[in-house]
Amino acid sequence: MLVPILKQEDFLIASIQGELSDVELLALRDQLVDKVQRHRSRAVIIDVAVLDIMDSFSARTLRSIAQMTRLMGAETIVVGIQPEVAMSMVQLGLRLEGTTIAMDLEDGLAVLKNRGSQGNDACDRA
Amino acid sequence: MDARSANKKEWPAIVKSLNIDAQEIRRRKDFLQFNEEDAERLKSINELAEKYADDVIEEFYRHLMSFEETRQFFRDQQQLLAHVKNLQKTYFLRLTKGNYDQEYIENRLKIGKTHERIGLPVDSYLGMYNFYLRAVGARLFTTFKDDPERAFKAFLSLMKITFLDIGLAIDTYIDSREQTIGAQQDAIRELSTPVLPFRQGIVMLPMVGLIDSYRASQITEQLLRSIRDTRAKVVVLDITGVPYVDSRVASHLVQTVEAARLMGSKVIISGVSPEIALTMVTIGVELGQIETVGDMQSAIERAEQLSGYKVIRVRPERRKTDRAENGFEDNRNNDPA
Amino acid sequence: MTPVIERETALPIKSDLDVLKARQQGKELAAALRFTNTELTIIATAISEIARNTVLYAKTGCLQLKVINQDQRRGLLIIIKDHGPGIADLDLAMQDGYSTSRGLGIGLPGARRLMDEFDISSEVGKGTTITMTKWERTKL
């Protein structure tokens, strides 16, 4: 399943549409890293609202995306984690270190708008 | 879904929740000392049963209708009465057909459920069995008057199978009660920890009473769903009303904060008493990530601050007018320059 | 009392696509029991962890899912068996920090945390069997 990656101003939005296999997740990672480099994006928003499971592999891949894109000067924002997924992640001990978490796409965009300007609400909340 | 198909889906569920498997059936029969001989004896009087079935049922309902309550109960329900009579006859005849296994049990449970659903009281139910045994007993002894031993043995077998049935009927009544209680308890639990929307983007969750592990995870689930539904970016979790927090509950609190964070929401825990603070420190709870405040007032202020709200007290200009209306003099013009 | 098996299903685990299938099947079977949505997610996640582990280290394995009934309690029994290389040091593999950093058996301690019962037996050269159970929560 291909994940559509939208370029918006100087950031990217990746909306996951359905369950991704390990291979597909890695492909997403590579695509994002490539695009960040090409467009010199300053941020990547990954919307995982559709995912009903987040296991250690997906968490690790998200962390990799964050690490790799940071090396290129970009921030990774994960949005849309569902209640049940959040609960199971906590029990599994998955924290998504290195990523910024926001509630949904709207919230993620708000975080980006506030970056650099005064008052970082999302930072306070992190 | 009509009543019949609703029933069809229901009684396998009862069988499961009552755990009435082959082993359980065997156990109950052993307890009543109901064995193959009894089954055979019952089958042997089947022909007789078919002959007097209608009579017995009519006699029974004549007896029932002699009581005011029953008359009232069936008064405007002729169809129900006919339906129940029919069920009775089928039930009655089934007693002497043999094969008292899984299918028999499920059938009995179905009947029990029907009676329970229409609200038939337990003592009426028991009264029915009693009348029935007496009516049948009398006929047995008349029919086999030359062989009283046979009549007696058949009667005993009949008693055993009806007692098996009574046990099952009572089980269905109890099962229904338990399900109602379960549903009520769920409702109470949800009501006792309401998630209160406070301002746009802020919710408050006052926890009251003793929290066990199960309730704690229920509360967390409720809270997270609420965060999603109201898009609350800040949560004030108040534990002023929680007298005691043990290590499991403390870790639940930590988990709740973390799960909310993964949803992009910040939790502020307020009402942390000195005792609870000590417990949490002693347990070694990761307090670094969690914002805690002593009282709810401060928590609310902090929540508002985080959400970009600013509360301004409106200047009391209106008070001077109030004073004039209340009979105070308006001294402004009389002030010496 | 030995558990009574009410329903069961089995599927081969050979690729990451099978991992997805395993999760689906797990959720489907678990739906027959009284689990909350969160518990269903947890079950699917645990299955994902051990199934992926099998694909990574044993290449092929078999997953069995059973709805069981024991001592008045119902639950989901999950067994995954492989004839892979086996795990030399189980204790080490089941240790939290070790797994994450070394990349070996990453999901195993996590899966154990998620499930009510967890058992792992492994023999080098022979294979590994993981058995885990999640029980319905009996309230009251």
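This structure is a prediction, so every number in the text was calculated from the model and none was measured.

So, the overall build of chain A
- Of regular secondary structure, chain A possesses five helices and five strands.
- In sequence order, chain A lays out its α and β elements as β-β-α-β-α-β-α-β-α-α.
- In chain A, the proportion of contacts linking residues at least 24 apart, taken out of those at least 6 apart, comes to 71%.

Points about the overall build of chain B
- Helix and strand counts for chain B come out as 14 helices and five strands.
- By residue count, 26% of the 337 residues in chain B fall in the buried class.
- Look at the contacts in chain B between residues 6 or more apart in sequence, and 82% of them connect residues 24 or more apart.

What about the interface of chain C and chain A?
- Every contact between the two is made by 19 residues of chain C and, on the other side, 16 residues of chain A.
- If one sorts the elements of the side of chain C that touches chain A by residue count, helix α2 (residues 37-57) of chain C sits on top with nine residues.
- When the residues that make up the side of chain C that touches chain A are grouped by side-chain class, the tally is seven nonpolar, seven polar and five charged.

A short note on the sheet that holds strand β4 (residues 266-270) of chain B
Residue and element names in this part refer to chain B.
- Spatially, the five strands line up as an open sheet ordered β1-β2-β3-β4-β5, and their pairing is mixed. Strands at the two margins of the open sheet, each flanked by one partner only, are β1 (196-199) and β5 (291-293). Adjacent strand axes in the sheet meet at a mean angle of 30°, parallel and antiparallel pairs treated alike.
- Relative to β4, strand β3 (residues 234-241) is paired through five bridges, and the arrangement is parallel. Across the sheet, L237 pairs through a bridge with I269, a residue of β4.

A closer look at the pairing of strand β2 (residues 202-208) of chain B
All names here are of chain B.
- Where burial is concerned, most of β2 is hidden: five out of the seven residues are buried.
- Taken together, the three bridges between β1 and β2 define a ladder with antiparallel strand orientation. If you follow P197 over to β2, its bridge partner there is V203.
- The antiparallel pairing of β1 with β2 creates a hairpin that spans two residues between the two strands, and G201 there sits at a positive phi of about 90°.

As for the environment of L156 of chain B
- Structurally, the position occupied by L156 of chain B is in helix α9 (residues 148-192).
- It is 9.6 Å that separates the C-alpha atoms of L156 of chain B and F34 of chain B, two residues lying 122 residues apart in sequence.

Let's talk about the packing of helix α7 (residues 102-117) of chain B against α9 of chain B
All names here are of chain B.
- The geometry of α7 relative to α9 is characterised by a closest axis approach of 8 Å and an angle of 50° between their N-to-C directions. Our classification of the angle between α7 and α9 gives oblique. Crossing geometry of α7 relative to α9 is assigned as right-handed. Contacts between α7 and α9 involve I105, R108, L109, G112, K113 and E116 from the former and D165, L168, A169, T172, Y173 and S176 from the latter.
- By residue class, the composition of the contact of α7 with α9 is five nonpolar, three polar and four charged.

Considerations on the packing of helix α10 (residues 213-230) of chain B against helix α11 (residues 247-262) of chain B
Residue and element names in this part refer to chain B.
- Direction vectors running N to C along α10 and α11 enclose 15°, while the axes themselves pass 10 Å from each other. By the criterion of interaxial angle, the relationship of α10 to α11 is roughly parallel. Note on packing geometry: the crossing formed by α10 with α11 is right-handed. Taking contact as the criterion, the partners of S213, A216, S217, T220, L223, L224 and I227 in α10 are, on α11, R248, V249, H252, Q255, T256, A259 and A260.
- In the contact of α10 with α11, the residues fall into seven nonpolar, six polar and one charged.

Overview of the sheet that holds strand β4 (residues 117-123) of chain C
Residue and element names in this part refer to chain C.
- An order of β1-β2-β3-β5-β4 is seen for the five strands of this open sheet, with the pairing classed as antiparallel. Unpaired on one side and paired on the other, β1 (4-13) and β4 mark the two borders of the sheet. In this sheet, adjacent strand axes meet at a mean angle of 10° when their direction is disregarded.
- Bridging between β4 and strand β5 (residues 127-135) involves seven bridges; their strand directions are antiparallel. Counterpart to F118 in the pairing with β5 is M132.
- Packed onto the sheet, helix α1 (residues 16-30) meets β1, β2 (61-70) and β3 (73-82) and runs at close to 170° relative to β1.
- Taken strand by strand, α2 contacts β1, β2, β3 and β5, and its axis lies near 15° from that of β3.

Observations regarding unusual backbone geometry
- In the Ramachandran plot, E9 of chain A falls in the positive-phi region, its phi being about 50° despite a non-glycine side chain.
- With respect to the helices, strands and loops of the structure, E9 of chain A is situated in the loop between β1 (5-8) and β2 (11-15).
- Since 11 C-beta atoms lie within 10 Å of it, E9 of chain A is described here as exposed.
- Positioned with a positive phi, R231 of chain B is a non-glycine residue whose angle comes to about 50°.

Overview of the confidence of the model for chain A
- On average, residues of chain A score 90 in pLDDT, and 90% of them are at 70 or above.
- Within the model, the stretch residues 118-126 of chain A combines pLDDT values under 50 with 15 contacts to residues more than four positions away or in other chains.

Remarks on the nonpolar core
- Membership of the largest hydrophobic core comes to 106 residues, with the highest contact counts inside it found for V44 and A86 of chain A together with V235 of chain B.
- Counting residues per element, this core draws most heavily on α2 of chain C, which supplies nine residues.
- If near-sequence neighbours (up to four positions away) are discounted, A86 of chain A is found in contact with I81 of chain A together with L224, A259, L262 and M263 of chain B.
- Ranked by size, the runner-up nonpolar core spans 20 residues in total, among them A39, A49, Y132 and V136 of chain B.

Concerning the confidence of the model for chain B
Residues and elements named next belong to chain B.
- Residues at a pLDDT of 70 or more form 87% of chain B, whose mean pLDDT is 81.
- Between residues 1-11, whose pLDDT stays under 50, and residues either more than four places distant or in other chains, the model counts eight contacts.
- Reported confidences for the modelled complex are a pTM of 0.68 and an ipTM of 0.91.

Analysis parameters
Residues numbered from 1 in each chain as written. Chains lettered and ligands numbered in written order. Predicted model: local features only at pLDDT ≥ 70, side-chain atom pairs only at ≥ 80, totals over all residues. Helix = DSSP H or I, 4+ residues; strand = E, 2+ residues; numbered from the N terminus. Contact = placed C-beta atoms within 7 Å. Buried ≥ 20, exposed ≤ 12 C-beta atoms within 10 Å, placed from the backbone. Nonpolar A, V, L, I, M, F, W, Y, C, P; charged D, E, K, R; others polar. Pairing = 2+ DSSP bridges. Axes fitted to C-alpha atoms, helices over the stretch in contact; angles between N-to-C directions. Parallel < 35°, antiparallel > 145°, perpendicular 65-115°, else oblique. Left-handed = near helix turned anticlockwise from the far one by under 90°. pLDDT = per-residue confidence, 0-100. Core = buried A, V, L, I, M, F, W, Y, C linked by C-beta atoms within 7 Å.

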